[in-house]
Amino acid sequence: MDIGFIVFGLSGLLTLVCFMPPLAGRVKLPYSVLLAIVGCLLGIGLHLHGWAPPVLGDLFDTIERFEISSETFLMVFLPVLLFETALAMNVRRLMDDIGPILMMAIVAVVVCTVVVGFAVNAVSSYGLVACLLLGAIVATTDPVAVVGIFREVGAPRRLTTLVEGESLFNDAASIALYSVLLAVLGGKGSLSVSGVFNDFVFHFVGGGIAGYVMGRGACLLFAWLRGFPTAEITLTLTLAYLSFFTSEHYLGVSGVVATVIAGLVVGSAGRTRMSPVTFEHLASSWEQFGFWANSLIFLFAAMLIPKLMAAADLEELLLVGVVFVVTLVARAIVVFGLLPLLGMTPLGTKVSTPYKTVMLWGGLRGAVSLALALAVTEQTAVPEAARQFIAVVTTGYVLATLFVNGITLRPLIRMLGLNQLSPVERTIRNQALVVALEDLQGKTDEVAKTDHISGEASERIHAVFDASLASVHDGQLSQMTDEQRVAVGLAIVAQREQEMFFDILKAQIVDWRMAESLLARSERLEDAIRTGGLAGFERGIEADVRHSKAFRLALRMHYMFGFQGWLARELGQRFANLMTKRSVAQRLMAFAREQIAPLLGEAAAQQIVAAHQRRLDLIEHALQALNLQYPSYSLWLQESHLGRTARELERIRYHDMLEQSLISGEVYADLMGQLKSRWRHIDRHPPLDMELGAAELITRVPLFEGLSADSLRAISKLLRPRLALPDQPVLTRGRHGQEMCFVASGAVSVQLPDGTAIELGSGEFFGELALLGKQNINPDVHSLGYSKLLMLSLRDFEALLARDPDLRERIQVVAKQRLRAIEVWKQFSQTGTTTPPEPPAPPRPPAEPADA
């Protein structure tokens, strides 16, 4: 076919598609249902267009000659649909309901395949394998029509997540079962439960791994493409196709799962890796791609319906009704039978009965089922009767779900009240409306005064505001408990916090690695608020200042092998994170006072401010320990933060001047070049000097002063450097008597048996009494900050004292002083007196030998 006519035909279809969304809204039909109707009419009209004028006739001829195969659906349209849905999903929301989603995506597909297969086999003459293949084909759901209806009626976000999450993964399960059963039906394999299970697990898990690796690889490439939005968006488009095709044809795993996981990875991590401007445009670009793909795939699939249904007989039409009923039964088994059981386990979450009802009725089928049925008709190895049976029943069933379930889904949601706001949400809406209208009313009056608007016109506009305010019943705010107000306010502030972190990333005040960490922790804090309110926030802020798992692992590697680089990077990352959080926490407190107080009341705002003040105190405490230990690095971080802010303000100023035509593009480019040169130094990250080398640190310990160079070298080989975190136990239970410790930098607190505590600073040591075997006292020792310690084991201690008499004498002097203090404490605890014991009598000199 001439390429010009191909472009002409596609342009004509897309022009037709442009008018479908507004038409669907006018006739109150789901968009997918309207596309199916138009596609069917178009498929019929292709054979009856002799009356059409030349241009329209050529368009029909071109569309009729399109070679629409199953591979066209699966390779051209499916990757875009999957990637677009995955990209728009919130991964954390998805993980919250991963149990129900995987239940509906995997278990429901298997149940549907088995139930439909055996039921249809019992009432028809077709073989079991053909009936099971039909069950696998009709098990895949299409979220487009359902989610579109959800958005129109304002269904809860969680319901949308459940349905979209199910559809993302059940395509993979259906296609995996379909591939195995199609091979069996074509005589290329045998049917066995273990074979199907092993093949499915391999395809599903392998596809997930492949998609994750390719998604993370794309995120790394975004760093090379920063500043080129068109290139970054193009990379996401190619990723959708490459992950699908590479997994299917080269790795032999599920391309559907690979594309979904790659989309989820880019959607979660890509926002910090790609340039902020790109991520803002990414969603709209992919919404456009998805609109094209969904519209064309439905039109092409619907155009095939007249052809597939032309040879249908009465028996096959009756089987459509059987499949419709049986699939509802199979879905009900999972939704009302298995989901409640899953909810009793840690893997599941509770799903309400209205949600389950909508999930049952909302299992619409669409273009993927039609594409799989079309693929069966292209398999010459499959008996012709089976091909005809599968094609007709699948097509009829898809039409039934679209026209029966699709049209009645909107009234069902309204009947169940899922489109209604909760009482708390209605109260917040009314209060927000009151605050906004009162503010806008005052501003409108100012505009009328400034622009000399007549008093009559101003009064009419004022009356609109008055009528709206009178219609709002904000008395419900008093019915909300303080706990509810605080929980709602904390959730609002948590969302604002995420926006602030993203703004900081856009301003390039932090790099993408830090932004990724900040956003992830902010989302976890929001989840804690959603589940626990103020108590959840309190637990969340304590967890937020704890050391990360990566930090603890780096610390463990340092303890075991002496690796310092990783630990230094983690300490630097923690330092910068805490400083950024401190800045954001202070701004959030101002936000709560200014915005939350008018919305939820002064009392709730004060509690929220107090909660964030506690958070700020925790951050300050954690920062203080680092600031005291690393003052130079702290100074650089403050300089970097302020410098990045100044750089962004300067960039915005130049951009505004360009927009106002105060400077030309050439001048702007020159100014931006100077800006980069001027602030280049703030991006040079200095290393965090941990100074944990034993050879350097032993010179700070007064106990080692005056020793020979050979002795110092010998000691440095025996001492093991260690970093102790604030409040971390230094000598844990079971280690007393095995190690002694020198404080090279920082300080530790030693809790004595009488309840008192002493602090040991740089150059002091402890644990030597137990190594000397003098006392069996095991005091609790905790680090007061980030203390740099030198640990000496019992074996090395004994070897050191045997080799160096001078050092042995020094340690014994200190040990005698501490032994005497312990004897005083023992006497006091027994007698209640503080009289020191009499000093031991000096040893008597040996008697002179008697004269002979």
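Keep in mind the model is a prediction, meaning the values are calculated, not measured.

1. Comments concerning the overall build of the protein chain
Logical step 1: On a plain count of helices and strands, the protein chain comes out with 33 helices and seven strands.
Logical step 2: Counting the 852 residues in the protein chain, one finds 48% classified as buried.
Logical step 3: Taking the intrachain contacts of the protein chain between residues at least 6 apart in sequence as the baseline, contacts between residues at least 24 apart amount to 79%.
Logical step 4: Entry remark: accessible area of the protein chain is about 41,400 Å², with carbon and sulfur atoms responsible for 60%.

2. Things to note about a nonpolar patch on the surface
Logical step 1: Together, Phe197, Val201, Val205, Ile209, Tyr212 and Val213 make up an exposed nonpolar region whose accessible area comes to about 580 Å².
Logical step 2: For phenylalanine 197, a relative accessible area of 54% puts it in the exposed group.

3. Considering the sheet that holds strand S1 (residues 720-724)
Logical step 1: Taken in spatial order, the four strands line up as S1-S7-S2-S5 in an open sheet, and their pairing is antiparallel. Each edge of the sheet is formed by a strand with only one pairing partner; in this case those strands are S1 and strand S5 (765-766).
Logical step 2: Here six bridges tie strand S2 (residues 739-745) to strand S7 (residues 787-793), and the two strands are oriented antiparallel to one another. Bridge pairing in S7 places glutamate 739 opposite serine 793.

4. With respect to unusual backbone geometry
Logical step 1: In this structure, histidine 452 takes a positive phi of about 55 degrees despite not being glycine.
Logical step 2: Tracing the sequence through the fold places histidine 452 in the loop between helix H20 (423-450) and helix H21 (455-471).
Logical step 3: Classification of histidine 452 as exposed rests on a relative accessible area of 73%.
Logical step 4: Located in the positive-phi region is aspartate 727, a residue other than glycine, with phi close to 65 degrees.

5. Observations concerning the packing of helix H22 (residues 482-506) against helix H25 (residues 565-600)
Logical step 1: Running from N to C, H22 and H25 cross one another at 135 degrees; their axes reach a closest spacing of 9 Å. Between H22 and H25, the interaxial angle falls into the category oblique. Considering only the axes of H22 and H25, their crossing is right-handed. Contacts between H22 and H25 involve Arg485, Val488, Gly489, Ile492, Val493, Arg496, Glu497, Met500, Phe501 and Ile504 on the former and, on the latter, Thr580, Lys581, Val584, Arg587, Leu588, Phe591, Ile596, Leu599 and Leu600.
Logical step 2: Residues belonging to the contact of H22 with H25 are distributed by class as follows: twelve nonpolar, two polar and five charged.

6. Focus on the pairing of strand S6 (residues 780-783)
Logical step 1: Taking every second residue as pointing to the same face, the buried face of S6 carries Val781 and Ser783, while none of Asp780 and His782 on the other face is buried.
Logical step 2: By the bridge criterion, four bridges tie strand S3 (residues 748-751) to S6 in an arrangement that is antiparallel. Paired with valine 750 across the strands is valine 781, a residue of S6.

7. Description of the side chain of arginine 574
Logical step 1: Examined against the element boundaries, arginine 574 turns out to sit in helix H25.
Logical step 2: Buried and unpaired, arginine 574 has aspartate 544 as its nearest opposite-charge partner, separated by 8.2 Å.
Logical step 3: Within the local environment of arginine 574, its side chain forms a polar contact with the side chain of histidine 547, the two groups lying 3.4 Å apart.
Logical step 4: For arginine 574, the residues in contact, after removing those within four places along its chain, are Val545, Arg546, His547, Ala622, Leu626 and Tyr786.

8. Concerning the nonpolar core
Most often, soluble globular proteins have nonpolar side chains that are buried together.
Logical step 1: Judged by nonpolar contacts, the single largest core of 138 residues is most densely connected at Phe73, Leu133, Phe169, Phe300 and Phe389.
Logical step 2: Among the elements that take part in this core, helix H10 (residues 157-185) stands out by supplying 15 residues, more than any other.
Logical step 3: Shared between two domains, this core takes at least three residues from each, and those domains are domain 1 (3-34 + 36-65) and domain 2 (68-416).
Logical step 4: Setting aside anything within four residues of it in sequence, one finds phenylalanine 300 in contact with Leu10, Leu13, Phe66, Ile68, Phe73 and Phe77.

9. So, the sheet that holds strand S4 (residues 757-760)
Logical step 1: The antiparallel open sheet is built from three strands, whose spatial order is S4-S3-S6. The open sheet is flanked by S4 and S6, the only strands paired with a single partner. When strand polarity is set aside, the average angle formed by the axes of neighbouring strands in this sheet is 25 degrees.

10. Things to note about the packing of aromatic side chains
Logical step 1: Throughout the structure, instances matching the rule amount to nine aromatic pairs.
Logical step 2: Ring centres 6.0 Å apart and planes at 20 degrees place the aromatic pair tyrosine 31 and phenylalanine 291 in the stacked group. Taken together, the positions of tyrosine 31 in helix H3 (residues 31-45) and phenylalanine 291 in helix H14 (residues 276-303) put the pair 260 residues apart, joining distant regions of the chain.
Logical step 3: According to the relative accessible area criterion, tyrosine 31 is buried, its value standing at 15%.
Logical step 4: Taking the centre distance of 6.1 Å and the plane angle of 45 degrees together, the rings of phenylalanine 77 and phenylalanine 300 count as tilted. With a gap of 223 residues between them, phenylalanine 77 in helix H5 (residues 70-88) and phenylalanine 300 in helix H14 connect regions that are remote in the sequence. The two residues phenylalanine 77 and phenylalanine 300 agree in class, both being buried.
Logical step 5: When the ring centre of phenylalanine 591 is taken as origin, the NZ or CZ atom of arginine 496, which lies over that ring, is 5.9 Å away.

11. Section: helix H11 (residues 193-225)
Logical step 1: Taking 1.5 Å of rise per residue, the 33 residues of H11 would be expected to cover 48 Å, and the 47 Å separating its terminal C-alpha atoms lies within 8% of that figure.
Logical step 2: Buried residues along H11 sit in contact with helix H7 (98-123), H10, helix H12 (229-251) and helix H13 (255-273).
Logical step 3: Just past H11, the residue glycine 227 takes up positive phi, approximately 95 degrees.

12. Some points on the confidence of the model for the protein chain
Logical step 1: Of all residues in the protein chain, 85% attain a pLDDT of 70 or more, and the chain-wide mean is 79.
Logical step 2: A low-confidence stretch, residues 836-852 stays under pLDDT 50, and its non-local contacts, those more than four residues away or across chains, total five contacts.

13. Considerations on the packing of H11 against H12
Between two packed helices, what matters for the description is the angle formed by their axes and the separation of those axes.
Logical step 1: Where H11 meets H12, the closest approach of the two axes is 10 Å, and the angle between their N-to-C directions is 150 degrees. Viewed along their axes, H11 and H12 adopt a mutual orientation that is roughly antiparallel. Crossing geometry of H11 relative to H12 is assigned as right-handed. Note on element contacts: H12 touches H11 through Ala231, Glu232, Leu235, Thr236, Leu239, Leu242, Ser243, Ser247 and Leu251, opposite Phe202, Ala210, Met214, Gly215, Ala218, Leu221, Phe222 and Leu225.
Logical step 2: Of the residues contributing to the contact of H11 with H12, the split by class is twelve nonpolar, four polar and one charged.

14. Observations regarding the pattern of salt bridges
Any two side chains of opposite charge can pair, so long as their charged atoms come close to each other.
Logical step 1: Scanning all chains against the criterion turns up eleven salt bridges.
Logical step 2: In this structure, arginine 615 and glutamate 497 form a salt bridge, with 2.9 Å as the shortest nitrogen-oxygen distance. One end of the pair, arginine 615, is in helix H26 (residues 602-629); the other, glutamate 497, is in helix H22, with 118 residues separating them in the sequence. This pair shows no difference in class: arginine 615 is buried, exactly as glutamate 497 is.
Logical step 3: Close ionic contact of glutamate 650 with arginine 678 constitutes a salt bridge, the shortest N to O distance being 2.5 Å.

15. Side note on the environment of isoleucine 98
Logical step 1: On the secondary structure map, isoleucine 98 appears in helix H7.
Logical step 2: Once the C-alpha coordinates of isoleucine 98 and leucine 162 are considered, the two residues, 64 residues apart in sequence, prove to be 8.6 Å apart.

16. Things to note about the side chain of histidine 612
Logical step 1: Checked against the element boundaries, histidine 612 lands in helix H26.
Logical step 2: In contact with histidine 612, other than residues within four places in its own chain, are Leu490, Val493, Phe537, Leu588 and Met589.

17. With respect to the pairing of S2
Walk down a regular strand and you will see the side chains alternate between the two sheet faces.
Logical step 1: Buried residues dominate S2, accounting for seven of its seven residues.
Logical step 2: Here two bridges tie S2 to S5, and the two strands are oriented antiparallel to one another. Directly across from phenylalanine 742, in S5, lies its bridge partner phenylalanine 765.

18. As for the environment of glutamine 388
Logical step 1: Relative to the helices and strands, glutamine 388 is located in helix H19 (residues 384-416).
Logical step 2: By relative accessible area, which is 26% here, glutamine 388 ends up partly exposed.
Logical step 3: When sequence neighbours within four positions are dropped, the list of residues in contact with glutamine 388 reads Ala311, Ala312 and Glu316.

Cut-offs applied
- Residues numbered from 1 in each chain as written.
- Predicted model: local features only at pLDDT ≥ 70, side-chain atom pairs only at ≥ 80, totals over all residues.
- Heavy atoms only, no water.
- Helix = DSSP H or I, 4+ residues; strand = E, 2+ residues; numbered from the N terminus.
- Buried < 20%, exposed > 50% of the residue type's maximum accessible area, 1.4 Å probe, protein only.
- Contact = heavy atoms within 4.5 Å.
- Areas by Shrake-Rupley, 256 points an atom, 1.4 Å probe, with all protein chains shown as cover.
- Patch = residues over 30% accessible without salt bridge, like charges linked within 9 Å, V, L, I, M, F, W, Y side chains within 5 Å.
- Salt bridge = Lys/Arg side-chain N within 4 Å of Asp/Glu carboxyl O.
- Pairing = 2+ DSSP bridges.
- Axes fitted to C-alpha atoms, helices over the stretch in contact; angles between N-to-C directions.
- Parallel < 35°, antiparallel > 145°, perpendicular 65-115°, else oblique.
- Left-handed = near helix turned anticlockwise from the far one by under 90°.
- Nonpolar A, V, L, I, M, F, W, Y, C, P; charged D, E, K, R; others polar.
- Lys, Arg positive; Asp, Glu negative; His and termini not counted.
- Polar contact = N/O pair within 3.5 Å; in protein donor to acceptor, adjacent residues only side chain to side chain.
- Core = buried A, V, L, I, M, F, W, Y, C linked by side-chain atoms within 4.5 Å.
- Domains from an automatic or database assignment.
- Phe/Tyr/Trp six-rings, centres within 6.5 Å; stacked < 30°, edge-to-face > 60°.
- Lys NZ or Arg CZ within 6 Å of the ring centre and 35° of its normal.
- Expected span 1.5 Å × (residues − 1).
- pLDDT = per-residue confidence, 0-100.

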